[in-house]
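# Summary of structural features
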Amino acid sequence: MAPSAAPGPLTALVVGGGVGGLTAALALARAGVAVTVVEQAAALGEVGAGLQVSPNASRVLFGLGLEAALSALAFRPEAVEARGWRRGQEISRAPLGDAALRKYGFPYLHLHRADLVSVLGQACEAEPHITLRLGEAVAACPGDGTPALVLASGERLEADVLVGADGIRSLVREALFGPAAPRFTGNVAWRGLVPAERLAGSDVRPTAALWMGPGAHFVHYFVRGGTLVNFVGVVERDDWREESWSSRGEAADLRRDFAGWHPTVRRIVEAAPEDACFRWALFDRDPLPRWSRGATTLLGDACHPTLPFMAQGACMAIEDAAVLAACLSGRAARDVPAALERYEALRRPRTSGIQAGSRRNATIYHLRPPLSWARNRGMKAGLGMGAAMDGLYRYDALSAAG
Ligand SMILES: Cc1cc2nc3c(=O)[nH]c(=O)nc-3n(C[C@H](O)[C@H](O)[C@H](O)COP(=O)(O)OP(=O)(O)OC[C@H]3O[C@@H](n4cnc5c(N)ncnc54)[C@H](O)[C@@H]3O)c2cc1C
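Quick summary incoming for the structure in this document. Every value quoted in this text rests on a predicted model; they were computed, and no experiment measured them. (Residues numbered from 1 in each chain as written. Predicted model: local features only at pLDDT ≥ 70, side-chain atom pairs only at ≥ 80, totals over all residues. Heavy atoms only, no water.)

All right, on to the site of the ligand then. Neighbouring the ligand are 28 residues, the closest being G20, E39, Q52, R113 and D301. Within the side chain of E39, an N or O atom sits 2.6 Å from an oxygen atom of the ligand. At 2.8 Å from an oxygen atom of the ligand is found a side-chain nitrogen or oxygen belonging to D301. Taking 1000 Å² as the accessible area of the ligand by itself, protein coverage stands at 86%. Among the elements of the structure, helix 1 (19-30), strand 2 (34-39), strand 3 (50-53), strand 16 (278-284) and helix 9 (313-327) are those that each provide at least two residues to the shell around the ligand. Looking at the shell around the ligand, the element that brings in the most residues is helix 9, giving three residues. For the shell around the ligand, a count of residues per class yields 14 nonpolar, nine polar and five charged. (Near = heavy atom within 4 Å. Polar contact = N/O pair within 3.5 Å; in protein donor to acceptor, adjacent residues only side chain to side chain. Areas by Shrake-Rupley, 256 points an atom, 1.4 Å probe, with all protein chains shown as cover. Helix = DSSP H or I, 4+ residues; strand = E, 2+ residues; numbered from the N terminus. Nonpolar A, V, L, I, M, F, W, Y, C, P; charged D, E, K, R; others polar.)

Below, the discussion takes up the sheet that holds strand 9 (residues 148-151). Strand order across the open sheet formed by three strands is 8-9-10, with antiparallel pairing between neighbours. Across the chains shown, the open sheet's two edge strands, defined by having one partner strand only, are strand 8 (138-140) and strand 10 (156-158). Adjacent strand axes in the sheet meet at a mean angle of 45° when their direction is disregarded. With three bridges joining them, strand 9 and strand 10 adopt antiparallel strand pairing. Following the sheet pairing, L149 is matched in strand 10 by L157. (Pairing = 2+ DSSP bridges. Axes fitted to C-alpha atoms, helices over the stretch in contact; angles between N-to-C directions.)

This part takes up the packing of helix 1 against helix 5 (residues 113-125). Look at helix 1 against helix 5: their axes get within 9 Å of each other, and the N-to-C directions meet at 30°. With respect to each other, helix 1 and helix 5 are oriented roughly parallel. Classified by chirality, the crossing of helix 5 by helix 1 is left-handed. Residues V19, L22, T23, A25 and L26 of helix 1 form the contact with helix 5, whose own contacting residues are L116, V117, L120, G121, A123 and C124. Of the residues contributing to the contact of helix 1 with helix 5, the split by class is nine nonpolar, two polar and no charged. (Parallel < 35°, antiparallel > 145°, perpendicular 65-115°, else oblique. Left-handed = near helix turned anticlockwise from the far one by under 90°. Contact = heavy atoms within 4.5 Å.)

Here we take up the nonpolar core. Counting residues in each nonpolar core, the largest one holds 74 residues, and the members touching the most others are V35, L66, L116, L149 and L328. In contact with L116, not counting residues within four places along its chain, are V19, L51, V53, L61, L70 and L111. Core analysis: the next-biggest nonpolar cluster, separate from the first, contains 24 residues, W190, W211, L254 and C277 among them. (Core = buried A, V, L, I, M, F, W, Y, C linked by side-chain atoms within 4.5 Å. Buried < 20%, exposed > 50% of the residue type's maximum accessible area, 1.4 Å probe, protein only.)

A few words on the packing of aromatic side chains. Taken as a whole and assessed by the stated rule, the structure comprises 11 aromatic pairs. Their ring planes at 55° and their centres at 5.4 Å tell us that F184 and F283 sit as a pair that is tilted. On the criterion of sequence distance, the pair formed by F184 in strand 12 (residues 183-195) and F283 in strand 16 is long-range, its members being 99 residues apart. The exposure class of F184 is buried, given its relative accessible area of 16%. Taking 6.3 Å as the distance between ring centres and 40° as the angle between the ring planes, the aromatic pair formed by F309 and Y365 counts as tilted. Linking F309 in the loop between strand 17 (296-298) and helix 9 with Y365 in helix 10 (residues 336-365), this pair joins segments that are 56 residues apart in sequence. You'll find F309 and Y365 in the same group, each marked buried. In this structure an aromatic cluster arises from ring pairing among W85, F218, F231, F258 and W261. Cation over ring: R169 sits above F283, and NZ or CZ is 5.1 Å from the ring centre. Sitting above the plane of the Y395 ring, R350 keeps its charged end 3.9 Å from the centroid. (Phe/Tyr/Trp six-rings, centres within 6.5 Å; stacked < 30°, edge-to-face > 60°. Lys NZ or Arg CZ within 6 Å of the ring centre and 35° of its normal.)

Below you can see the structure in the form of structure tokens.
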């Protein structure tokens with residue numbers, strides 16, 4: 001009797017070429033899986049602004065061999081600090097920089113999203129087990145978990161496993177679990193990038209800076225090696241429902257929203273390019289009870305879209321990618337549905353906790369007196385951001401699957 005042929009490598013279809021999908025493709029390919037990524041955008045990494053990438057995520061990215069490429073583009077903040085919106089008094093401060101490196105073994109990075117996606121995209125292009133299909137939208141996939149999809153062109157693709165990394169309005173999530181609109185959180189984020197030379201002479205420090213005010217907060221930090229300052233100004237309002245990296249708002253409205261704030265905040269807002277002040281309505285979802293069905297699963301914002309108030313959305317997508325790849329490697333790959341069950345069982349408690357914590361921060365950051373005074377006292381007394389985030393940053397996604 002002829003010996004049976006050795007099974008070929010596992011094959012995967014990844015829907016979405018954002019931070020989550022591209023990291024998953026790389027991690028899966030390194031685990032011996034042949035991956036096809038389908039991304040509707042014609043080019044990778046053209047949109048977006050800043051991203052804080054904490055040590056729990058830089059650990060994964062460096063593990064994929066991206067340390068040199070990312071270090072050349074990143075900015076390493078020396079601390080994370082919280083201040084009062086009007087007087088600018090320091091409420092809490094925790095060191096990052098070399099201290100984070102010593103503590104966690106991996107750095108805290110500030111990156112332009114386009115730079116991160118480009119680095120991931122180039123690494124995928126250099127990987128023989130990855131096929132990138134750009135400019136192709138997925139139109140449908142089966143709801144029963146069969147790992148297949150249909151492109152808008154009508155072409156059908158099949159594999160051993162299907163991963164929906166297609167963002168908050170995931171078509172794969174809807175196919176598996178039915179339609180359910182995300183929840184508008186009542187918060188709208190202004191965001192923009194200011195060339196650092198426009199802020200010469202200001203006291204914008206090399207930190208991850210958070211200014212907390214009544215019903216609003218403002219975050220800023222350097223990206224692209226310190227040449228740009230990224231800002232995100234979040235206000236509670238109900239009159240904007242668009243989610244897009246390219247929906248512009250009026251610079252005058254941005255300035256009005258932060259009139260009366262500390263001069264450093266006003267300086268950044270006033271230096272923002274008139275034609276490049278963007279607005280993003282912030283949506284999230286309650287934690288999903290399930291992410292997988294059969295040989296199909298979800299990853300990143302597709303399964304745990306989160307308010308950005310712990311700066312962990314992309315970091316969680318990166319962690320998902322590492323754990324998914326570990327669950328699908330080696331012998332485990334023979335039973336794909338069981339491997340996917342294991343993946344989501346390992347990941348759901350952590351991501352649900354971060355979703356809840358990010359919602360809590362929306363309330364905490366925006367408190368009004370007298371509750372804001374109690375908050376400030378608590379943060380000063382050591383219940384600050386450093387303490388709260390310590391456990392999160394220590395998480396090792398590379399060994400979470402054993
Ligand atoms: C203002 C703001 C600030 C943030 N700051 C941080 C931060 O500092 N740190 C952090 O970790 N996170 C941050 N986040 C969260 C982070 O942006 C997201 O969590 C992250 O982008 C999710 O990545 P993803 O790959 O899961 O989804 P996405 O980035 O949404 O990528 C999904 C991809 O799928 C593609 N796609 C969708 N549908 C289809 C289809 N049918 N066919 C083909 N392709 C499709 C899309 O084109 C897209 O490229 C922030 C978010 C916001 C709004």
